[in-house]
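Examining the three-dimensional arrangement
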Amino acid sequence: MSNREVIDSYFTAMRRGAQAEEDLISLFAEEATYSEPFSGHPSANGLEEIRQRLRLGWEQPLPDLELDVLEIEVDGRNARARWECRSPALPRPMQGEDSYEIVNGQITRLEVRLL
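The present account deals with the structure reproduced in this document. (Residues numbered from 1 in each chain as written. Predicted model: local features only at pLDDT ≥ 70, side-chain atom pairs only at ≥ 80, totals over all residues. Heavy atoms only, no water.)

**A few points about the pattern of salt bridges**
- Within the structure shown, the criterion is met by 17 salt bridges.
- Aspartate 23 is the partner of arginine 16 in a salt bridge, and the nearest nitrogen-oxygen pair spans 2.9 Å.
- A salt bridge links glutamate 21 to arginine 51, with the nearest nitrogen and oxygen atoms 2.6 Å apart. Residue glutamate 21 is located in helix H2 (residues 21-25), and its partner arginine 51 is located in helix H3 (residues 47-58); the two are separated by 30 residues in the primary sequence. Here glutamate 21 and arginine 51 have matching classes, each one buried.
- One network of salt bridges, with partners in common, ties together Glu71, Glu73, Arg80, Arg82, Glu97 and Arg113. (Salt bridge = Lys/Arg side-chain N within 4 Å of Asp/Glu carboxyl O. Helix = DSSP H or I, 4+ residues; strand = E, 2+ residues; numbered from the N terminus. Buried < 20%, exposed > 50% of the residue type's maximum accessible area, 1.4 Å probe, protein only.)

Put into structure tokens, the structure is as follows:
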């Protein structure tokens, strides 16, 4: 799987939410790190911490969430994706940027930040 396909698969799984848990986890390397601004917790390290972090977010999903990828740039093992999500629960659309490191078809580092 190319690095672009890994990112496309990540967003496809994120749109599906909890029902895509195994698909999403399979995209990460065993010792991957995942940091995001939503939980208020430090980075998750390793598959089980990442799984728990994702489950935490799925406990109270945003209703009618729409997630659009605005841009993807891949430069070797590093990539960046800009995205926008919308939900009636949000006061306005939110935009964010993901920074990836992908090695041998698996995400080794993912940092999510809001713009």
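**Let's talk about the pairing of strand S3 (residues 66-75)**
- Across nine bridges, S3 lies against strand S4 (residues 78-86) in antiparallel orientation. Bridge pairing in S4 places aspartate 68 opposite glutamate 84.
- Taken together, S3 and the strand that follows it, S4, pair antiparallel across an intervening segment of two residues, in which glycine 76 is found at a positive phi of about 65°. (Pairing = 2+ DSSP bridges.)

None of the figures reported here should be taken as evidence of function without further support.
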